[in-house]
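# Fold and geometry: a report
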Amino acid sequence: MILLHGGLGNSGNWGYQVPALVEAGYTAILIDSRGQGRSTRDERPYSYELMASDTCAVMDALGVAKAAFIGWSDGADTALVLSRETPDRSAGVFFFGCNVDSTGTKSFQPSAVIDRIYSHHVKEYAALSPVVGGFEAMRDDLGVMQAGQPNYGPDQLREVAVPVWSVLGEHDEFIERKHAEYIARSIPGARFVLLPDVSHFAPLQRPAAFDAAMLVFLGQVWPTPGASAQEEDRSDNRSRYCR
């Protein structure tokens, strides 16, 4: 399992998901995306293709031929781009809280929750990054990427040949529900899942509900030995967290 965090964040944002994955029998691989967390960056502009290449490089270094991906926001797009371009490396994508073109985003509305998360990102960057004082440049450069990429239309989405769940929090602050549903309709065999009573920050807000959906997805696309009994138990509870 490879977990890819959202923009401005770091791999520690998955702290509630790793125990659930390990308990279910998975090996969790967490990556700090380039220029974020503990990772450095070079002079090349940000792109999801470049970060997908970084992810494949980590897989190569670890001897991992194929993995399932849990992607949050920017991490979801990175996983989707990787899966479209190198489907042999991907068992599937849990695509949480992201858009594939500029029509999928809501107008930004400040909130106390967003301010608190942003403040955490700033503090954690200062604590983790080897680059002193680089947060604002990283933030602005990521914004340029996010404004125009990946810009996938229906033709590109139809080329995604791995299982995908398009997952959204009911109260996501950034992504339109109709866009997440469109992604699911456009990718062959994909599924739309709505997580009730949570927002863009569901992995931190309601980790038990997020983890339950994540593990059902994994049980379908990348089951561990003996996972069928666990999947049967979880299936009874699906209506509690997705519709």
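Calculation notes
- Residues numbered from 1 in each chain as written.
- Predicted model: local features only at pLDDT ≥ 70, side-chain atom pairs only at ≥ 80, totals over all residues.
- Heavy atoms only, no water.
- Helix = DSSP H or I, 4+ residues; strand = E, 2+ residues; numbered from the N terminus.
- Rg over C-alpha atoms; globule rule 2.2 N^0.38 Å.
- Buried < 20%, exposed > 50% of the residue type's maximum accessible area, 1.4 Å probe, protein only.
- Pairing = 2+ DSSP bridges.
- Right-handed = clockwise from strand over helix to strand, strands pointing away.
- Contact = heavy atoms within 4.5 Å.
- Axes fitted to C-alpha atoms, helices over the stretch in contact; angles between N-to-C directions.
- Parallel < 35°, antiparallel > 145°, perpendicular 65-115°, else oblique.
- Nonpolar A, V, L, I, M, F, W, Y, C, P; charged D, E, K, R; others polar.
- Phe/Tyr/Trp six-rings, centres within 6.5 Å; stacked < 30°, edge-to-face > 60°.
- Lys NZ or Arg CZ within 6 Å of the ring centre and 35° of its normal.
- Polar contact = N/O pair within 3.5 Å; in protein donor to acceptor, adjacent residues only side chain to side chain.

## Section: the overall build of the protein chain
Secondary structure summary: the protein chain contains 10 helices and 6 strands in total. Whereas a compact globule of 243 residues would reach a radius of gyration of roughly 18 Å, the protein chain reaches 17 Å, a difference of no more than 12%. Its C-alpha atoms give the protein chain principal-axis dimensions of roughly 50 × 40 × 35 Å. Split into buried and exposed, the 243 residues of the protein chain put 52% on the buried side.

## Observations concerning the pairing of strand β6 (residues 191–195)
The side chains of a regular strand alternate between the sheet's two faces. Within β6, 4 of the 5 residues are buried, which leaves it mostly tucked inside the rest of the structure. Bridge analysis of strand β5 (residues 164–169) against β6 gives 5 bridges, and the strand direction is parallel. Within the sheet, the bridge partner assigned to Trp-165 lies in β6 and is Arg-191. Following the chain from β5 across helix α7 (residues 177–186) to the adjacent parallel β6, one finds a crossover that is right-handed.

## So, α7
Listing the buried residues of α7 in full gives His-179, Ala-180, Tyr-182, Ile-183, Ala-184 and Ser-186. Contacts made by the buried residues of α7 are with β4 (90–96), α6 (154–158), β5 and β6.

## What about the packing of helix α2 (residues 48–62) against helix α3 (residues 74–85)?
In the contact formed by α2 and α3, the axes pass within 8 Å of each other and the chain directions differ by 75 degrees. With respect to α3, the axis of α2 lies roughly perpendicular. Contacts between α2 and α3 involve Tyr-48, Glu-49, Met-51, Ala-52, Thr-55 and Cys-56 from the former and Asp-74, Asp-77, Thr-78, Val-81, Leu-82 and Glu-85 from the latter. For the contact of α2 with α3, a count of residues per class yields 6 nonpolar, 2 polar and 4 charged.

## Re the packing of aromatic side chains
Under the counting rule described, the total for this entry stands at 12 aromatic pairs. An angle of 80 degrees between the planes, with centres 5.2 Å apart, marks the rings of Phe-96 and Phe-210 as edge-to-face. Taken together, the residues span a long stretch of sequence, with Phe-96 in strand β4 and Phe-210 in helix α9 (residues 207–221) at a distance of 114 residues. Here Phe-96 and Phe-210 have matching classes, each one buried. Grouped by ring-pair contacts, the aromatic residues Trp-14, Trp-72, Phe-94, Phe-96, Trp-165, Phe-210 and Phe-217 constitute a single cluster. When the ring centre of Tyr-152 is taken as origin, the NZ or CZ atom of Arg-84, which lies over that ring, is 4.8 Å away. Sitting over the face of the ring of Trp-165, Arg-191 holds its NZ or CZ atom 4.4 Å from the ring centroid.

## Let's talk about the side chain of Arg-34
Within the secondary structure layout, Arg-34 lies in the loop between β2 (29–31) and α2. According to the relative accessible area criterion, Arg-34 is buried, its value standing at 10%. There is a polar contact of 2.6 Å between the side chain of Arg-34 and the side chain of Asp-54. Filtering out sequence-adjacent residues up to four positions away, Arg-34 remains in contact with Ser-39, Thr-40, Arg-41, Asp-42, Arg-44, Tyr-46, Leu-50, Met-51 and Asp-54.

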